[in-house]
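Structural characterization, general
As a plain string of letters, each chain reads:
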Amino acid sequence: QVQLVESGGGLVQAGGSLRLSCVASGRPFSSYAMGWFRQAPGKDREFVAASWSGDRTYYADSVKGRFGISRDNAENTVYLQMNSLKPEDTAVYYCAALVRPYGITLDDPSSYNYWGQGTQVTVSS
């Protein structure tokens, strides 16, 4: 099975930046769609960003222009660069992998096969 490990979360002031990383054990990593989701206490898991087919990306409206997803296939790693952070971005952030990303809705968490343990992001005002 694919294993995913997130890192890079922490406490940051509003307007600051963080970069999250997710390392995947499965191969071939380049063929997977990778997604980032977040979940705040008492709320549903929310789509953030997805990457597939090498250079294709898709973002939630709430993070467009502030967050960027990228990947290093040689290192089996996907990143989420978060800029201009707001207190409402506070959540546990999860990475997820979809082995067969064909004809699938990438903003739906039920589409994904594997999930990491999550990393906490807290943004203070």
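Attention in this report is confined to the structure presented alongside it. (Residues numbered from 1 in each chain as written. Predicted model: local features only at pLDDT ≥ 70, side-chain atom pairs only at ≥ 80, totals over all residues. Heavy atoms only, no water.)

Turning next to the pattern of salt bridges. Enumeration over the complete set of coordinates arrives at 4 salt bridges. Across the pair aspartate 89 and arginine 38 runs a salt bridge whose closest N-O atoms are separated by 2.9 Å. Here aspartate 89 is found in the loop between β8 (77-82) and β9 (91-98), whereas its partner arginine 38 is found in strand β4 (residues 33-39), with 51 residues between them in sequence. Aspartate 89 gets classed as buried once you look at its relative accessible area, which sits at 1%. Taken together, the shared-partner salt bridges in this structure form one network comprising Arg38, Glu46, Arg66 and Asp89. (Salt bridge = Lys/Arg side-chain N within 4 Å of Asp/Glu carboxyl O. Helix = DSSP H or I, 4+ residues; strand = E, 2+ residues; numbered from the N terminus. Buried < 20%, exposed > 50% of the residue type's maximum accessible area, 1.4 Å probe, protein only.)

All right, on to the state of the cysteines then. Within the structure shown, the criterion is met by 1 disulfide. Two residues, cysteine 22 and cysteine 95, share a disulfide whose sulfurs are 1.9 Å apart. Torsion about the S-S bond of the cysteine 22 and cysteine 95 cystine: about 50°, corresponding to right-handed handedness. With cysteine 22 in strand β3 (residues 18-24) and cysteine 95 in strand β9, this residue pair connects regions lying 73 residues apart in the sequence. (Disulfide = S-S within 2.5 Å.)

With 5 of 6 residues buried, β8 is to be regarded as a mostly interior element. Bridge count between β3 and β8: 6 bridges; the pairing is antiparallel. Residue valine 23 lies in a different strand from β8, and its bridge partner there is threonine 77. Strand direction decides the pairing type here: strand β7 (residues 67-72) and β8, joined by 6 bridges, are antiparallel. If you follow phenylalanine 67 over to β8, its bridge partner there is methionine 82. Joining the antiparallel neighbours β7 and β8 is a turn of 4 residues, in which asparagine 76 adopts a positive phi near 55°. (Pairing = 2+ DSSP bridges.)

Right, let's get into unusual backbone geometry. Positive phi, close to 55°, is recorded for asparagine 76, a residue that is not glycine. Positionally, asparagine 76 belongs in the loop between β7 and β8. For asparagine 76, a relative accessible area of 16% puts it in the buried group. If you check the backbone angles, serine 84 has positive phi at about 50° while not being a glycine. With respect to the helices and strands, serine 84 occurs in the loop between β8 and β9.

Relative to strand β6 (residues 56-59), strand β5 (residues 46-52) is paired through 4 bridges, and the arrangement is antiparallel. Paired with tryptophan 52 across the bridge in β6 is arginine 56. Remark: 3 residues form the turn of the hairpin made by β5 and β6, two consecutive strands paired antiparallel; serine 53 in that turn has positive phi of roughly 50°.

Here we come to the sheet that holds strand β1 (residues 4-7). With respect to topology, 4 strands assemble into an open sheet ordered β1-β3-β8-β7, the strand pairing being antiparallel. One side of each edge strand has no neighbouring strand; the edge strands of this open sheet are β1 and β7. Sheet twist, expressed as the average angle between the axes of neighbouring strands with direction ignored, equals 15°. (Axes fitted to C-alpha atoms, helices over the stretch in contact; angles between N-to-C directions.)

In this section: the packing of aromatic side chains. The geometry of an aromatic ring pair is captured by two quantities: the separation of the ring centres and the angle between the planes. As enumerated under the stated definition, the model contains 5 aromatic pairs in all. Ring pairs connect the aromatic residues Phe37, Phe47, Tyr58, Tyr112 and Trp115, which therefore count as one cluster. Positioned above the aromatic ring of tyrosine 94, the side-chain terminus of arginine 45 is 4.0 Å from the ring centre. Lying across the ring of tryptophan 115, arginine 45 places its NZ or CZ 4.8 Å from the centre. (Phe/Tyr/Trp six-rings, centres within 6.5 Å; stacked < 30°, edge-to-face > 60°. Lys NZ or Arg CZ within 6 Å of the ring centre and 35° of its normal.)

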